[in-house]
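This is what each chain is made of:
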Amino acid sequence: MPDLQAPPSAAALCLEDFEELAAGVLPVEVREFVGGGSGTETTLRLNRAALDAVTLTPRVLAGVGEAELGCRLVGGQVGMPVVVAPMAYQRLVHPEGELLLARAAAAAGVPYVISTLSSYPLEEIAGVAPSWFQLYWLRDRAMVESLVDRAEAAGCGALMVTVDVPVMGRRLRDVRNAFALPEDVVAANLVGARSEAHVGVPGLSAVAAHTASAFEPAVSWRDLEWLRARTKLPLLLKGILDSRDAVRAVQVGADGIVVSNHGGRQLDGAVASIDALPRIVDAVSQECEVLLDSGIRSGTDVLRALAVGASGVLIGRPLLWALAVDACGEALDLLRKELADAMLLAGCGNVQAAARLTTGRA
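Residues numbered from 1 in each chain as written. Predicted model: local features only at pLDDT ≥ 70, side-chain atom pairs only at ≥ 80, totals over all residues. Heavy atoms only, no water.

### Topic: the packing of helix α12 (residues 299–308) against helix α14 (residues 328–346)
And step 1. Relative orientation of the contacting elements α12 and α14 amounts to 55°, with a least axis distance of 7 Å. Between α12 and α14, the angle is such that the two are oblique. Crossing handedness for the pair α12 and α14: right-handed. Listed contacts from α14 to Gly299, Thr300, Val302 and Leu303 of α12 are Leu335, Glu338, Leu339, Ala342, Met343 and Ala346.
And step 2. Here the residues of the contact of α12 with α14 are counted per class, giving seven nonpolar, two polar and one charged. (Axes fitted to C-alpha atoms, helices over the stretch in contact; angles between N-to-C directions. Helix = DSSP H or I, 4+ residues; strand = E, 2+ residues; numbered from the N terminus. Parallel < 35°, antiparallel > 145°, perpendicular 65-115°, else oblique. Left-handed = near helix turned anticlockwise from the far one by under 90°. Contact = heavy atoms within 4.5 Å. Nonpolar A, V, L, I, M, F, W, Y, C, P; charged D, E, K, R; others polar.)

### Describing the packing of helix α2 (residues 28–35) against helix α13 (residues 317–324)
And step 1. Close contact between α2 and α13 brings their axes to 10 Å; oriented N to C, the two are set at 155°. Of the possible angle classes, the one that applies to α2 and α13 is roughly antiparallel. Between α2 and α13, the residues in contact are Arg31, Val34 and Gly35 and Arg317, Leu320 and Trp321, respectively.
And step 2. Class assignment for the residues of the contact of α2 with α13 results in three nonpolar, one polar and two charged.

### A look at the confidence of the model for the protein
And step 1. With 97% of its residues at a pLDDT of at least 70, the protein reaches an overall mean of 94.
And step 2. Throughout residues 3–8 the model reports pLDDT below 50, and contacts reaching past four residues in sequence, or to other chains, amount to nine contacts. (pLDDT = per-residue confidence, 0-100.)

### Details of helix α3 (residues 42–53)
And step 1. Here α3 spans 16 Å end to end across 12 residues, near enough to the 16 Å set by a 1.5 Å rise per residue.
And step 2. Within α3 the residues assigned to the buried category are Thr43, Leu44, Asn47, Ala50, Leu51 and Ala53.
And step 3. Residues of α3 that are buried make contact with α2, β1 (54–57), α11 (273–284), α12, α13 and β12 (358–361). (Expected span 1.5 Å × (residues − 1). Buried < 20%, exposed > 50% of the residue type's maximum accessible area, 1.4 Å probe, protein only.)

### What about a nonpolar patch on the surface?
And step 1. Taken together, the side chains of Val199, Val201 and Leu204 present a nonpolar region at the surface, about 230 Å² in accessible area.
And step 2. On the secondary structure map, Val201 appears in the loop between α7 (172–177) and α8 (206–214).
And step 3. The exposure class of Val201 is partly exposed, given its relative accessible area of 34%. (Patch = residues over 30% accessible without salt bridge, like charges linked within 9 Å, V, L, I, M, F, W, Y side chains within 5 Å. Areas by Shrake-Rupley, 256 points an atom, 1.4 Å probe, with all protein chains shown as cover. Salt bridge = Lys/Arg side-chain N within 4 Å of Asp/Glu carboxyl O.)

### Things to note about the packing of aromatic side chains
And step 1. The full count for this structure, using the stated rule, is three aromatic pairs.
And step 2. A ring pair is formed by Phe33 and Phe179, whose centres lie 4.6 Å apart and whose planes are at 15°; its orientation type is stacked. One end of the pair, Phe33, is in helix α2; the other, Phe179, is in the loop between α7 and α8, and 146 residues separate them in sequence.
And step 3. The class for Phe33 is buried, based on a relative accessible area of 8%. (Phe/Tyr/Trp six-rings, centres within 6.5 Å; stacked < 30°, edge-to-face > 60°.)

### Some words on the nonpolar core
And step 1. Membership of the largest hydrophobic core comes to 132 residues, with the highest contact counts inside it found for Phe18, Tyr89 and Leu135.
And step 2. Sort the elements by how many residues they give to this core and α14 lands first, with 10 residues. (Core = buried A, V, L, I, M, F, W, Y, C linked by side-chain atoms within 4.5 Å.)

Spelled out as structure tokens, the structure:
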């Protein structure tokens, strides 16, 4: 467990500052589990470089005195076009883990996505915040059905299926650290929550070993068709980078696409999410919502995504760093202020105006 004598979060002037603050309280192997990518981390770096390359042409004399950040996402009203991304095992960074971050999301008026691999039960998390549920496709079909039923019963507002993990990307930091979960952090939604993920083996990642035994690598469009018929919840597919897959997703009944390379943690060398976004927007945005995930680190990044065509964004790692220092509410407040400032500077009074900004490449 992290050291709870955290440095003051008031030192954070931007979201990236929380990573430095978290470094003072988290063990090295946990920091690397959260912060690392796969392979040589090419895609991890590409996400940042590609976002930085997106330029915006601001409008002036727009008569805008205050930016309205509220909008609708997946049929619900949200306080800003932001969703807290699904992230596993949040008790690794704070004893209250998912519960604390979910409460912060509720206070900010944004959806919280519960991970299949959350370290508190999904029902407990859904009880403290309006939530969506993220589903990993498991080898045990009965377990998949049970998770869907539990998400519906808990009142989750949407189902987000992660489709880019047939196997876990080779995350070399975790391999070098022989990373394994501590005994008191478990996948609380799964039967037999203690698993291979807790058994450290030199030269291996125990979390990857658990994924290999639990996840179904051969999941297909036929499985998604079955799921669409199985639930009435809005269905989003997370991990799409090719417009052809986005079109197929709409054909099987998806209500939303999350353009994502899993934060650079799956196929190393995959396209940056923001670079894949325009083609997917052109292909399906008239038929379903398109959100962007991977690399969002500021309010300006949110504005960039909106201008390129996203309905909203998912944000992950910066909130885990903030959670580690008991400051996830402050991080979301900071993101809101950054987005409001960026919109005013760009002459945008609302999210719809942000979508009409002209973009370019640096």
